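Residues per chain, in single letters:
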Amino acid sequence: MDFKLASVDSLIIYFGNEISADISSKVKNAYLSLQKLNCEGIIEIIPSYSSIFITYDIFKYDYEKVVELLKNSITTKSNESNDEKVVNIDVYYGVEVGLDLEDMSTKTDLSIQEIIDIHSNKLYDVYAIGFLPGFAYLASVDQRIAMPRLSSPRKQIPKGSVSIADTQTAVYPQASPGGWNIIGRTALELFDKNLDSLSPLSVGNKVKFNSISKEEFLSQGGIL
Amino acid sequence: MSLEIINSPLFATLQDQGRFSYTHIGVTNSGVMDEYSYLVANKILGNKLDTNIIEISFSNVEFKSNVNTVIAITGSSCEFFINGVSKNTWQSHNIKVGDSIKIGKILEGSRVYLGVKGGFDINKEFGSNSTTIKENLGGIDGDRLKKSQILPCDTFVQSHNTRLKDTFIPKYENELELRVVLSYQDEFFPKEQIEKFFSSSYIISNEFNRMGCKLKGEAISCDINGIISEGISFGAIQIPSDGQPIILLKDRQTIGGYPKIGSVLSIDCFKLAQAKPSCKITFKPIEIKEAQEKVREFYSSFN
């Protein structure tokens, strides 16, 4: 763990300098140990791929004190009782919602069905949440369907769009501008003001995409 | 009992000190851009310091009062009229049912704050009234204030007006020195680049909003191109590949992937919030210990 100043009331802890499952698991374990600590005066905890950003109350701690507290409290070792929660996300992969499926099929030399199978046959790790409320960065997609971002971002990507950028995949929790390749749509709310947890996803969870029919999508409240 | 908006404001939002402890799911802190003006308004009104307020940019908002209450205007110097009569900002004013309140042109600075005694009675979302338009959260329907909207508030009468001492009313100059805590990726910036950063002057560009402030001037280069996306603080100074610094403000994204040379002291970001495009910016380093003392002093002065 490498502690670094971030601002007058924040710091960042680095667990490595690459995107890997090993580092991500350290971040997850450290994040869980911090949450358990439930420490007064720790205001924000933002886990990401290889770091955890922390904002603290400077009326309670100065920088050295907070670093000392964290060094003594954080563990990166896994706790056996940590359930690896798998969140299922049902996706309708039709071309009318999968705006880039045809283009990806041409570029990859794979049929649309093959792209769908490859995307929905894998368990993805939630590496980070950011960009928009509930926007989870999931990795890694199979190299065969890895696809660079669009050269020009779309002005409006529909809510629930399931997308790919390089080896990452994600769901747009709300309509937003964006440059990821769109392959389908889900009716699942990724940021729900009525849910206690607000988002079904958290760093350290796993995600499984399931291919569903248009009828199922519509019956779940999906909008074309 | 309420204030009613009777024209179409260009850009006015309901804000408070911000929304905390939701950044792990991507929800930004948001909150007033200029906490000094905000805290003074609440102090003048005898409010709790986290009471909501209206943040007005680009001038011209008119209200009709449907309540007897007390208001205060702080922030930029601006044209301010009650029933067509010009009034002082940075002090409390009794308002009666039927009164018209008009914030006209902004003369110096760029954000005006209008607070009422007791605050506006509007439901909070995740503990805050702060409006974040891109997240569709807070305020009224997660959006800017619009014509005909009703802002409920309670009845109050104050027997005498409270006014901030003139010496504490800020002047908004066209030059600003911002104190910077070297942090984040500073070690990846060569020494001469850090020297260049502190010895150059920059100009605020037109890309200046609640998310951040992009500067123009000497390009700063970094030994690394991008970084793995990580949490971003209020005031963080990103250096994208064009070398032009971007200071991230209240509506910043929670995580991002540009190298950062350091962070502007929060209390200096409040001054930046009142600056305008073309304002000259210089940076000065400050050690963390002193920086924390200065920020503690700032907040302690309101208690």
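Use the structure listed above.
Since this is a predicted model, take the numbers as computed values, not measurements.

1. As for the overall build of chain B
Scanning chain B from terminus to terminus reveals 4 helices and 18 strands. Taking 19 Å as the expected radius of gyration for a compact globule of 303 residues, we find that chain B reaches 20 Å, a close match to that expectation. In terms of overall dimensions, chain B has a C-alpha envelope of 60 × 40 × 35 Å along the principal axes. Expressed as a percentage of contacts within chain B between residues at least 6 apart in sequence, the contacts between residues at least 24 apart total 77%. As displayed, chain B offers around 12,200 Å² of accessible surface, 49% of which is attributable to carbon and sulfur atoms. Treating the 34 positive side-chain charges of chain B as one cloud and the 35 negative ones as another, the clouds have centres 5 Å apart.

2. Re the interface of chain B and chain A
Taken together, the contact pairs 43 residues of chain B with 43 residues of chain A. Both faces combined, the contact of chain B with chain A buries some 3,200 Å², and carbon together with sulfur accounts for 62% of it. Between the two partners, chain B and chain A, sit 2 salt bridges. For A:K4, the salt bridge identified is with B:D186, shortest N-O distance 2.6 Å. Here chain B is connected to chain A by 18 residue pairs in polar contact (both at pLDDT 80 or more). Listed by contribution, the elements that provide at least two residues to the side of chain B that touches chain A are β10 (175–182), β13 (230–231) and α4 (288–300) of chain B. Sort the elements by how many residues they give to the side of chain B that touches chain A and α4(B) lands first, with 7 residues.

3. Observations concerning the sheet that holds strand β4 (residues 51–56) of chain A
All names here are of chain A. Reading across the sheet, the 4 strands line up as β1-β2-β4-β3 and stay open at both edges, with antiparallel pairing between neighbours. Two strands close off the open sheet at either side, each with one partner strand: β1 (2–7) and β3 (42–47). The sheet shows a mean angle of 20° between the axes of neighbouring strands, direction not considered. Where β3 and β4 come together, 5 bridges link them in antiparallel fashion. In the sheet register, I42 faces β4, and the bridge partner there is Y56.

4. Overview of the pattern of salt bridges
Residues and elements named next belong to chain B. All told, the structure shown has 24 salt bridges over all chains when counted by the stated rule. With its nearest N and O atoms 3.0 Å apart, the salt bridge here joins R163 to D166. Looking at R163, the relative accessible area reads 38%, which means it is partly exposed. Sharing partners across several salt bridges, the network here consists of E55, R111, R210 and D251.

5. What about the pairing of β3(A)?
Across the 6 residues of β3(A), 5 count as buried, placing the element largely inside the fold. In this antiparallel pair of consecutive strands, β3(A) and β4(A), the connection spans 3 residues.

6. A short note on the state of the cysteines
Following the criterion strictly, the structure yields 0 disulfides over all chains and no others. Of all cysteine sulfurs in the structure, the one in B:C213 sits closest to B:C269, which takes part in no disulfide; the separation is 9.4 Å.

7. Describing the side chain of A:S24
Residues and elements named next belong to chain A. Relative to the assigned elements, S24 resides in helix α1 (residues 21–37). For S24, a relative accessible area of 10% translates into the label buried. Not counting residues up to four positions away in its chain, the partners in contact with S24 are Y49 and Y127.

8. What to know about the sheet that holds strand β15 (residues 246–248) of chain B
Residue and element names in this part refer to chain B. Here 7 strands make up a closed barrel; going around it, the order is β10-β17-β14-β15-β12-β11-β18 and the pairing mixed. Across this sheet, the average inter-strand angle for adjacent strands is 40°, counted without regard to direction. Across 6 bridges, the pairing between β10 and strand β18 (residues 280–285) is parallel. If you follow L178 over to β18, its bridge partner there is F283.

9. A word on helix α1 (residues 35–45) of chain B
Residue and element names in this part refer to chain B. Burial within α1 is extensive, with 9 of its 11 residues counted as buried. Burial in α1 covers these residues: E35, S37, Y38, L39, V40, A41, N42, I44 and L45. For α1, the N-terminal cap is D34; the gap from its side-chain oxygen to the backbone nitrogen of Y36 is 3.0 Å. The positive-phi residue at the C-terminal boundary of α1 is G46, with phi of around 70°.

10. Here's the deal with the pairing of strand β7 (residues 136–139) of chain A
All names here are of chain A. The alternating pattern of β7 places A136 and L138 and Y137 and A139 on opposite faces, both of which are buried. Where strand β6 (residues 123–129) meets β7, 4 bridges bridge the pair, whose relative direction is antiparallel. Pairing of D125 across the sheet is with A139, part of β7. What sits between β6 and β7 in their antiparallel hairpin is a turn of 6 residues, with F131 showing a positive phi close to 75°.

11. Concerning unusual backbone geometry
Note that the residue after A:A139, namely A:S140, is joined by a cis bond; omega there is -5°. Inspection of the secondary structure puts A:S140 in the loop between β7 and β8 (154–157). For B:F58, which is not a glycine, the phi torsion comes out positive at approximately 65°. Turning to its location among the elements, B:F58 is positioned in the loop between β3 (53–57) and β4 (61–65). Phi is positive for B:N60, which is not a glycine, with a value near 65°. Assignment of secondary structure puts B:N60 in the loop between β3 and β4. Given a relative accessible area of 35%, B:N60 falls into the partly exposed group.

Cut-offs and rules
- Residues numbered from 1 in each chain as written.
- Chains lettered and ligands numbered in written order.
- Predicted model: local features only at pLDDT ≥ 70, side-chain atom pairs only at ≥ 80, totals over all residues.
- Heavy atoms only, no water.
- Helix = DSSP H or I, 4+ residues; strand = E, 2+ residues; numbered from the N terminus.
- Rg over C-alpha atoms; globule rule 2.2 N^0.38 Å.
- Contact = heavy atoms within 4.5 Å.
- Areas by Shrake-Rupley, 256 points an atom, 1.4 Å probe, with all protein chains shown as cover.
- Lys, Arg positive; Asp, Glu negative; His and termini not counted.
- Charge placed at Lys NZ, Arg CZ, Asp CG, Glu CD.
- Buried area = accessible area lost by both parts, 1.4 Å probe.
- Salt bridge = Lys/Arg side-chain N within 4 Å of Asp/Glu carboxyl O.
- Polar contact = N/O pair within 3.5 Å; in protein donor to acceptor, adjacent residues only side chain to side chain.
- Pairing = 2+ DSSP bridges.
- Axes fitted to C-alpha atoms, helices over the stretch in contact; angles between N-to-C directions.
- Buried < 20%, exposed > 50% of the residue type's maximum accessible area, 1.4 Å probe, protein only.
- Disulfide = S-S within 2.5 Å.

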